[in-house]
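Coordinates in review
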Amino acid sequence: DAGVTQSPTHLIKTRGQQVTLRCSPKSGHDTVSWYQQALGQGPQFIFQYYEEEERQRGNFPDRFSGHQFPNYSSELNVNALLLGDSALYLCASSSWTATYYGYTFGSGTRLTVV
Amino acid sequence: GENVEQHPSTLSVQEGDSAVIKCTYSDSASNYFPWYKQELGKRPQLIIDIRSNVGEKKDQRIAVTLNKTAKHFSLHITETQPEDSAVYFCAAPSTVTSGTYKYIFGTGTRLKVLA
């Protein structure tokens with residue numbers, strides 16, 4: 001058990017729809033980072049949340065937004081879905097003071113846009 | 001800018017042979033380098049890491065070497081077994097704000113160990 005839980009596991013959406021993905025970090029972790037992993041590619045950084053604020057954002061459009069709750073859990077929202085948004089979305093949790101020493105990844109949400 | 005290059009993209013070896021995967025990074029401030037193994041349909045899992053104050057680290061059949069001057073690091077797997085077949089990713093940290101980091105990942109190496 002990785003300790004990081006993501007839901008749902010799989011999701012199929014239609015172009016133009018909106019989707020919300022959820023992540024609960026490992027116990028003791030307070031920082032959540034979201035990554036998009038397209039088929040055959042490495043994970044790409046979307047954004048990172050700490051203290052309910054977005055700390056940095058990768059090269060993703062504003063259609064991608066997020067939120068962190070007081071219990072450190074996080075949501076990733078994607079609006080106006082495109083076929084190219086189909087990917088595995090990974091949540092990684094860490095401690096703000098120890099992020100340097102690696103993430104714990106969740107099992108991911110596989111999003112398919114048709 | 002931030003960049004991590006990884007080679008090769010695919011690697012096939014006979015069972016029992018060694019495999020080597022290489023990565024280069026651009027951020028000279030990077031001081032910690034993890035390697036992840038991702039099996040089909042599963043999450044990346046940390047298999048070994050190295051910090052900049054050492055040049056090599058071993059854990060049973062896997063080892064990682066680091067050359068900070070050249071800004072490259074490598075994963076070595078000896079006596080490969082079929083269960084080593086997976087995609088391997090290197091990563092390097094890039095500063096988000098003072099005190100925390102995001103990780104930049106390489107593009108991955110698909111390792112196939114042939115029985």
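Sequence order sets the numbering: in each chain, residues are counted from 1 along the sequence as written. Each chain is given a letter, starting from A, and each ligand a number, starting from 1, according to the order in which they appear as written. Local features in this predicted model are restricted to residues whose pLDDT is 70 or higher, and side-chain atom pairs enter the listing and the counts only when it is 80 or higher, whereas totals over whole chains, interfaces and linings include all residues. Heavy atoms throughout the structure, all of them, feed into the side-chain values; hydrogens and water do not.

1. Examining the sheet that holds strand β1 (residues 4-7) of chain B
Residue and element names in this part refer to chain B. Pairs of strands are assigned from DSSP output, requiring at least two bridges between the strands. What counts as a helix is a DSSP run of H or I of at least four residues, what counts as a strand is a run of E of at least two, and both are numbered from the N terminus. The antiparallel open sheet is built from five strands, whose spatial order is β1-β3-β8-β7-β6. Each edge of the open sheet is held by one strand with a lone partner, namely β1 and β6 (56-59). Across this sheet, the average inter-strand angle for adjacent strands is 15°, counted without regard to direction. Lines fitted to the C-alpha atoms define the axes, with helices restricted to the stretch that makes contact. Angles between their N-to-C directions range from 0 to 180 degrees.

2. Notes on the interface of chain A and chain B
Note on contacts: a residue pair is in contact if any heavy atoms of the two residues lie within 4.5 Å. Counting residues at the interface gives 22 residues for chain A, matched by 22 residues for chain B. Salt bridge, as used here: a side-chain nitrogen of Lys or Arg that lies within 4 Å of a carboxyl oxygen of Asp or Glu. At the surface where chain A touches chain B, the tally comes to zero salt bridges. Each polar contact in these results corresponds to two N or O atoms within 3.5 Å; when the atoms are within protein, one needs to be able to donate a hydrogen and the other to accept it, and residues that are neighboring in sequence are counted only if both atoms are side-chain atoms. Linking chain A with chain B are four residue pairs in polar contact (both at pLDDT 80 or more). Contributing elements (two or more residues each) for the side of chain A that touches chain B: β4 (31-37), β5 (44-50), β6 (53-57) and β9 (87-94) of chain A. Throughout, the ten residues Ala, Val, Leu, Ile, Met, Phe, Trp, Tyr, Cys and Pro are labelled nonpolar, Asp, Glu, Lys and Arg are labelled charged, and all others, Gly among them, are labelled polar. Tallied by class, residues from the side of chain A that touches chain B come to 11 nonpolar, 10 polar and one charged.

3. Focus on unusual backbone geometry
Look at the link from A:S7 to A:P8: it is a cis peptide, with omega at -10°. Relative to the elements of secondary structure, A:P8 occurs in the loop between β1 (5-7) and β2 (10-13). Cis geometry marks the peptide bond from B:H7 to B:P8, where omega comes out at -5°. Relative to the elements of secondary structure, B:P8 occurs in the loop between β1 and β2 (10-14). Residue A:A80 is not a glycine yet carries a positive backbone phi of 45°. The backbone of B:K71 sits at a positive phi, close to 60°, despite the residue not being glycine. Of note, B:K71 is situated in the loop between β7 (62-67) and β8 (72-77). The cut-offs for exposure are 20% and 50% of the maximum accessible area for each residue type, with area from a 1.4 Å probe on protein chains only; residues under the lower value are buried, those over the upper are exposed, and the others partly exposed. In this structure B:K71 comes out as partly exposed when scored by relative accessible area, which is 27%.

4. With respect to the pairing of β8(B)
When a strand is regular, its side chains alternate between the sheet's two faces. Residue and element names in this part refer to chain B. Of the pairings in the sheet, the one linking strand β3 (residues 19-25) to β8 comprises six bridges and is antiparallel in character. Its bridge partner being in β8, V20 is matched across the sheet by H76. Note: β7 against β8, six bridges, orientation antiparallel. Pairing of I62 across the sheet is with I77, part of β8. Hairpin connection from β7 to β8: four residues lie between these consecutive antiparallel strands, with K71 at a positive phi of about 60°.

5. A closer look at the state of the cysteines
Two cysteines form a disulfide when their sulfur atoms are joined by a covalent bond. Residue and element names in this part refer to chain A. The criterion for a disulfide is a pair of cysteine sulfur atoms lying within 2.5 Å. Taken as a whole and judged by the stated rule, the model has two disulfides over all chains. For C23, the disulfide goes to C91, at an S-S distance of 1.8 Å. For the disulfide bridge between C23 and C91, the dihedral angle about the S-S bond is near -55°, and by the sign convention the bridge is left-handed. Of this pair, C23 sits in strand β3 (residues 19-24) while C91 is found in strand β9, placing the two residues 68 residues apart along the sequence.

6. Focus on the pairing of β9(A)
Residues and elements named next belong to chain A. Of all eight residues in β9, eight are buried, a share of seventy percent or more. Burial of β9 is two-sided: the residues A87, Y89, C91 and S93 facing one way and the residues L88, L90, A92 and S94 facing the other way are all buried. With seven bridges connecting them, β4 and β9 associate as antiparallel partners. The residue of β9 that forms the bridge with Y35 is L90. Where β9 lies against strand β11 (residues 109-113), three bridges are found, and the strand directions are antiparallel. Paired with A87 across the strands is L111, a residue of β11.

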